Amino acid sequence: MRWPPNAAWTSAVKRQGYRHFEVKSYGGKKDERWVELFPVNNNEILIKVPWSELKTYSKWTSGWLQLPKDEDCDGN
């Protein structure tokens, strides 16, 4: 997967109540790369994720996937 990271990500599981995220910042070199993300509906929450985790398809998908009908984008 290319660096710098894509701007939009979908988590396989809810993180702090959300699954759709945007990139705020990123940094590091080689194995120490990281990406800071915020939920699309709440830019006050920030999570810092190792780049190695974002590249793991079972945990994250680049872009926004359609959520199941029983989930919404508001952290519910």
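Definitions and limits used
Residues numbered from 1 in each chain as written. Predicted model: local features only at pLDDT ≥ 70, side-chain atom pairs only at ≥ 80, totals over all residues. Heavy atoms only, no water. Salt bridge = Lys/Arg side-chain N within 4 Å of Asp/Glu carboxyl O. Helix = DSSP H or I, 4+ residues; strand = E, 2+ residues; numbered from the N terminus. Core = buried A, V, L, I, M, F, W, Y, C linked by side-chain atoms within 4.5 Å. Buried < 20%, exposed > 50% of the residue type's maximum accessible area, 1.4 Å probe, protein only. Contact = heavy atoms within 4.5 Å. Phe/Tyr/Trp six-rings, centres within 6.5 Å; stacked < 30°, edge-to-face > 60°. Lys NZ or Arg CZ within 6 Å of the ring centre and 35° of its normal. Pairing = 2+ DSSP bridges.

### Examining the pattern of salt bridges
Point 1. Taken as a whole and assessed by the stated rule, the structure comprises one salt bridge.
Point 2. Here E53 and R15 are joined by a salt bridge, their closest N and O atoms 2.9 Å apart. Pair noted here: E53 is in helix α1 (residues 51–54) and R15 is in strand β1 (residues 8–15), with a separation of 38 residues, a long-range link.

### Looking at the nonpolar core
Point 1. Grouped together as the largest cluster of nonpolar side chains are twelve residues: W9, Y18, F21, V23, V35, L37, I45, I47, V49, W51, L54 and W60.
Point 2. Counting residues per element, the ones that place at least two in this core are β2 (18–27), β3 (34–39), β4 (47–50) and α1.
Point 3. Looking at which element gives the most residues to this core, the answer is β2, with three residues.
Point 4. Once you skip the residues sitting within four places of it in the chain, I45 turns out to touch Q16, Y18, L37, F38 and P39.

### Considerations on the packing of aromatic side chains
Aromatic rings in a pair are described by how distant their centres are and how their planes are angled relative to each other.
Point 1. Tallied over the entire structure, the rule returns four aromatic pairs.
Point 2. On the numbers, 6.3 Å between centres and 90° between planes, the contact of W9 with W51 is edge-to-face. Of the two residues, W9 sits in strand β1 while W51 sits in helix α1, which places them 42 residues apart along the sequence. For the pair formed by W9 and W51, the shared burial category is buried.
Point 3. One Lys or Arg, K48, reaches over the ring of W34 and ends 4.3 Å from the middle of that ring.

### Considering unusual backbone geometry
Point 1. Cis geometry is found at the peptide bond from W3 to P4, where omega equals 5°.
Point 2. Assignment of secondary structure puts P4 in the segment before β1.
Point 3. Positive phi outside glycine occurs at Q16, with the angle close to 55°.
Point 4. Mapped onto the secondary structure, Q16 falls in the loop between β1 and β2.
Point 5. By relative accessible area, which is 53% here, Q16 ends up exposed.
Point 6. Despite not being glycine, K30 has its phi angle at roughly 50°, a positive value.
Point 7. Looking at the secondary structure, you find K30 in the loop between β2 and β3.

### Some thoughts on the pairing of β2
Point 1. Strand direction decides the pairing type here: β1 and β2, joined by four bridges, are antiparallel. Considered in β2, the bridge of R15 is made with Y18.
Point 2. Between β1 and β2, which follow one another and run antiparallel, lie two residues, and Q16 among them has a positive phi close to 55°.
Point 3. Inspection of the sheet shows β2 paired to β3 by six bridges, in the antiparallel sense. Bridge assignment links Y26 to a residue of β3, and that residue is V35.
Point 4. Remark: six residues form the turn of the hairpin made by β2 and β3, two consecutive strands paired antiparallel; G28 in that turn has positive phi of roughly 90°.

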